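Geometric and topological summary
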Amino acid sequence: MGSGIAAHLANIGIPTLLLDIVPNEVNKEEEAKGLTIEHPTVRNRFAQTALQKLLKQKPAPLTSKKNLQLITAGNLEDDLGKLKDVDWIIEVIVENLEVKKNLYAKIDAIRSSGTIISSNTSGISINAMLEGRSEDFSKHFLGTHFFNPPRYLKLLEVIPANTTAPEVVEFMKHFGEDTLGKGVVLAKDTPNFIANRIGTYGLLVTLREMLARGYSVGEVDSVTGPLIGRPKSATFRTLDVVGLDTFVHVAKNVYDQTSGEEQKVFEVPAFMHKMLENKWLGAKTGQGFFLKKDKEILELNPETLEYEPSKKLKTASMEMAKQQKGLAAKVKTLTYAKDRTGELLWSILSPTLLYSAELHGEIADDIVSIDQAMKWGFGWEQGPFEVWDAIGVKESVDKMQADGKEIPTFVQSLLDKGFETFYKEVDADLYFFDGMDYQLVPVNEKVIDLKRYKKKHGVIKKNSGASLIDLGDGIALLEFHSQSNSIGLDIIQMINFAVDEVEKNYNGLVIGNQGKNFCVGANLGLILMEAQDDNIFELDFVVRSFQNAMMKIKYSAKPVVAAPFAMTLGGGAEVCLPAAHIQASMETYMGLVEAGVGLIPGGGGNKELYVKHLKGLPNGVQVDYQYVANKVFETIAMAKVSTSGEGARENNFLNFADGVSVNPDHLLYDAKQAALALFEGGYKAPLREKIPVTGASGYATLLLGAEGMFLSGFISEHDLKIAKKLAYVLSGGKVPYGTLIDEQYMLDLEREAFLSLVAEPKSQARMQHMLVKGKPLRN
């Protein structure tokens, strides 16, 4: 976990010192090299090994392998003195109070006044750790509980001690959001804080009800996943990923610090202790609640401790829920269903909701913190109080009372005041119940919620594929909202309108949205349908229109900023490449992947990526156009997709001036600021320049490489055909090396190649396979 936090800091650009304990003895490898226990290599082994593991872990903790250079390995004996020069010390050692206190005593003697110290503990009392510490240490100490893996999980619980200075808490909250890119919640110093307290309770209640009511592991997971707005890993796959040993440790921490009925819930079932003895810990040991045998997924029978074929629950209410619009309606349908799904879900949700309400004021000051912690830390789409609103507070309380449950004072006070929901919306602003009345939900000024923003401010114009919105300060936003944000004629029309409107009445345009992905590319189903009908003239019109729209973005008189995030593939990448600036999310997976469906990019992507490579070279150097063509050819032909925003920069989709936003919630704000800065800096549209190409000799070179891969069995005959088309476009056709060609000429080559490939039966088979199976076909 320590190296994961270090990796996240390095991803942001913060130089970090990673210190670990000194080994007790040399290992065989060190002994063979003649090293002694006093050698720095031996003494730094644990930290250095942790760094090397960062390069191999999946999912990758680093957004770029280059970031490893920002982390320096050391040890807690030789390098402790270096802590006097740092701004923030994060303790991530073993969960043992006395061990932590001993380390803090050493740190207190070394650290500079004003240095912030925090613990990443997942449950040890923050105040208990401070015993014997200096006044300045105590003022600057707090808990900062990251969730694993730190790069990907949004939640950061900040837990002040009784002595923590208010300005330190406020700074850490803003630093966590604005610099670390986290969703920060303020938690109180109670066992397991917020997310692990409620999350562990919910998991143990689920275990209890499964055993009591005779459900199987697979049946529970089929209900407690995406169907109710929870992650795909649901309950037991989540436990397998987390590791049973980790889960039992977290549960024991609460068990040891509670009593009565609450303590009973945190008592881990006997069969799980047997699993621990058997080392059935989950993914880390190859088996847990699930076991993959050959190609079959088996589930554990908790009574026999034998593996059986995995089962799923199938009921009428599950089918009915799938027909409902919106998660709230789905959850309500399932919760009150008079079948095995409803019985299971009510028996899990009812105690979890009551427990969350009982803890209000104890673990956090407000319901917003509790809901956000569960959404950001456990991947729930709705927090407990949002779920309660979804199923109806009054209706559910009546049912709970009929079951003989005691209703927490906080919930009863809501109903006694005549209120019906924990949250309510007023003029597109969200309010929450605080025990007495409704208060405005606090929001960071950098967060733009498009759904609420449009309710309040409306739109300039919209069609089925996109909307143009006035973001204020002279900046407009073009939001895609087609299915999967795929590009069709509706979006192309709105791009043309948006650029014209912005040139006349605004200072800049941002292209962004808040869907699941920025854009997964062109509407593949539409392309396939037209291709199968041999409607090449219609396809030619669509591709030409898309190319023209991309040129309109590129040569707009006002700056256009693209704000990609998550999947930004094919046409999605082509929308970004001609923009004056790209402000990408740190988690941006960008690539021109058309080869996977038997095509090459058709909207100018080949040209723009090639030009972006050329523009990225230093001025005054002699350019090897063949080297550039080779790199672009490899990126497109191999359908390379970046694994981060920085990865997109390394693949030349972003240039040195393009930005990366660490906090995804701030992406549109950052993009808007970039557009404003360009305008205020006197933005001028780029001049139309001719493009130097490799010509016939370059085409032959690219072809030679592709044919070599074909003869070696790395690519198929159809892959080779696609590669030949791509090579011809990138080389500029049969012209001499170094010839300067018009952009339109290269676009024409690209469009012709695209249209010839789309008519190929094998390309159509690839498109069909992608649409049906969701993965590429290699034919």
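Higher on the page you've got the structure.
The paragraphs below set out a description of the structure included in this document. Everything numeric here is computed off the predicted structure, so don't read it as measured data. (Residues numbered from 1 in each chain as written. Predicted model: local features only at pLDDT ≥ 70, side-chain atom pairs only at ≥ 80, totals over all residues. Heavy atoms only, no water.)

1. Considering the overall build of the protein
The number of helices and strands found in the protein is 34 helices and 24 strands. Seen along its three principal axes, the alpha-carbon backbone of the protein occupies a region of about 85 × 70 × 60 Å. Here the contacts in the protein between residues at least 6 apart in sequence split such that 69% fall between residues at least 24 apart. Within the structure as shown, the protein displays about 34,600 Å² of accessible surface, and the carbon and sulfur contribution to it stands at 52%. Of the charged side chains in the protein, 85 are positive and 98 negative; the average position of the first set lies 4 Å away from that of the second. (Helix = DSSP H or I, 4+ residues; strand = E, 2+ residues; numbered from the N terminus. Contact = heavy atoms within 4.5 Å. Areas by Shrake-Rupley, 256 points an atom, 1.4 Å probe, with all protein chains shown as cover. Lys, Arg positive; Asp, Glu negative; His and termini not counted. Charge placed at Lys NZ, Arg CZ, Asp CG, Glu CD.)

2. With respect to the environment of Leu 609
Its place among the elements puts Leu 609 in helix H27 (residues 605-615). Those residues within four positions of Leu 609 in sequence are excluded, and the remaining contacts are Leu 577, Leu 592, Val 632, Thr 635, Ile 636, Asn 651, Asn 652 and Phe 653.

3. Regarding the packing of aromatic side chains
Within the structure shown, the criterion is met by 25 aromatic pairs. Ring geometry for Trp 388 versus Phe 422: centroids 5.6 Å apart, planes at 55°, classification tilted. Here Trp 388, found in helix H19 (residues 384-391), pairs with Phe 422, found in the loop between helix H21 (409-416) and strand E11 (423-426); they are 34 residues apart in sequence, far enough to count as distant. In this structure, Trp 388 and Phe 422 share a single accessibility class: buried. Here Arg 133 stacks its cationic end above the ring of Phe 137, 6.0 Å away from the centre of that ring. (Phe/Tyr/Trp six-rings, centres within 6.5 Å; stacked < 30°, edge-to-face > 60°. Buried < 20%, exposed > 50% of the residue type's maximum accessible area, 1.4 Å probe, protein only. Lys NZ or Arg CZ within 6 Å of the ring centre and 35° of its normal.)

4. Brief notes about the sheet that holds strand E8 (residues 290-293)
If you trace the 3 strands from one edge of the open sheet to the other, you get E8-E9-E10, paired in antiparallel fashion. The sheet is open, and its two borders are formed by E8 and strand E10 (306-309), each paired with just one other strand. Across this sheet, the average inter-strand angle for adjacent strands is 40°, counted without regard to direction. Sheet analysis places strand E9 (residues 296-301) next to E10, joined by 4 bridges and oriented antiparallel. Its bridge partner lying in E10, Leu 298 is registered against Pro 309. (Pairing = 2+ DSSP bridges. Axes fitted to C-alpha atoms, helices over the stretch in contact; angles between N-to-C directions.)

5. Quick notes on the sheet that holds strand E12 (residues 429-433)
Strand pairing within a sheet occurs via backbone hydrogen bonds; the two strands may be parallel or antiparallel. Spatial ordering of the open sheet is given by E11-E12-E13, a layout of 3 strands whose pairing is antiparallel. A strand with exactly one partner marks an edge of an open sheet, and here the two such strands are E11 and strand E13 (438-440). Strand-to-strand twist of the sheet, defined as the mean angle between neighbouring strand axes without regard to direction, takes the value 35°. The pairing of E12 with E13 spans 3 bridges and is classified as antiparallel. Residue pairing in the sheet places Phe 432 in a bridge with Gln 439 of E13.

6. Some words on H27
Within H27, 10 of the 11 residues are buried, which leaves it mostly tucked inside the rest of the structure. Every buried residue belonging to H27 is among Gly 605, Asn 606, Lys 607, Glu 608, Leu 609, Tyr 610, Val 611, Lys 612, His 613 and Leu 614, and all of these are buried.

7. Some thoughts on the state of the cysteines
Overall, the coordinates contain 0 disulfides when judged by the stated rule. Free cysteine Cys 519: the closest other cysteine sulfur is in Cys 576, separated by 8.3 Å. Judged by relative accessible area, Cys 519 falls into the buried class, the value being 0%. (Disulfide = S-S within 2.5 Å.)

8. Things to note about helix H20 (residues 393-402)
Among the residues making up H20, those that are buried are Val 393, Ser 396, Val 397 and Met 400. Along the axis of H20, the buried residues cluster in a sector spanning 100°; they form a single face. Among the structural elements, helix H17 (340-358), H19 and H21 are those in contact with the buried residues of H20. In the segment just after H20, Gly 404 is the residue with positive phi, at about 85°. (Arc of directions from axis to C-beta.)

9. Description of the packing of helix H12 (residues 244-255) against helix H14 (residues 270-277)
For any two helices packed against each other, one specifies the crossing angle of their axes together with the interaxial distance. At a closest axis distance of 10 Å, the pairing of H12 and H14 adopts a crossing angle of 135°. Taken as axis vectors, H12 and H14 run oblique relative to one another. When you trace H12 past H14, the crossing you get is left-handed. Between H12 and H14, the residues in contact are Leu 244, Asp 245, Phe 247 and Val 248 and Met 272, Met 275 and Leu 276, respectively. Of the residues assigned to the contact of H12 with H14, the class counts are 6 nonpolar, no polar and 1 charged. (Parallel < 35°, antiparallel > 145°, perpendicular 65-115°, else oblique. Left-handed = near helix turned anticlockwise from the far one by under 90°. Nonpolar A, V, L, I, M, F, W, Y, C, P; charged D, E, K, R; others polar.)

10. A few points about the pattern of salt bridges
Overall, the coordinates contain 57 salt bridges when judged by the stated rule. In this structure, Lys 173 and Glu 177 form a salt bridge, with 2.8 Å as the shortest nitrogen-oxygen distance. With a gap of 4 residues between them, Lys 173 and Glu 177 both fall in helix H8 (residues 166-178), about one helical turn apart. Here Asp 748 and Arg 751 are joined by a salt bridge, their closest N and O atoms 3.1 Å apart. One end of the pair, Asp 748, and the other, Arg 751, are both in helix H33 (residues 743-758), 3 residues apart, so they sit about a helical turn from each other. The partly exposed category is assigned to Asp 748, whose relative accessible area is 22%. Connected through salt bridges with shared partners, the residues Glu 38, Arg 43, Glu 77 and Asp 78 form a single ionic network. (Salt bridge = Lys/Arg side-chain N within 4 Å of Asp/Glu carboxyl O.)

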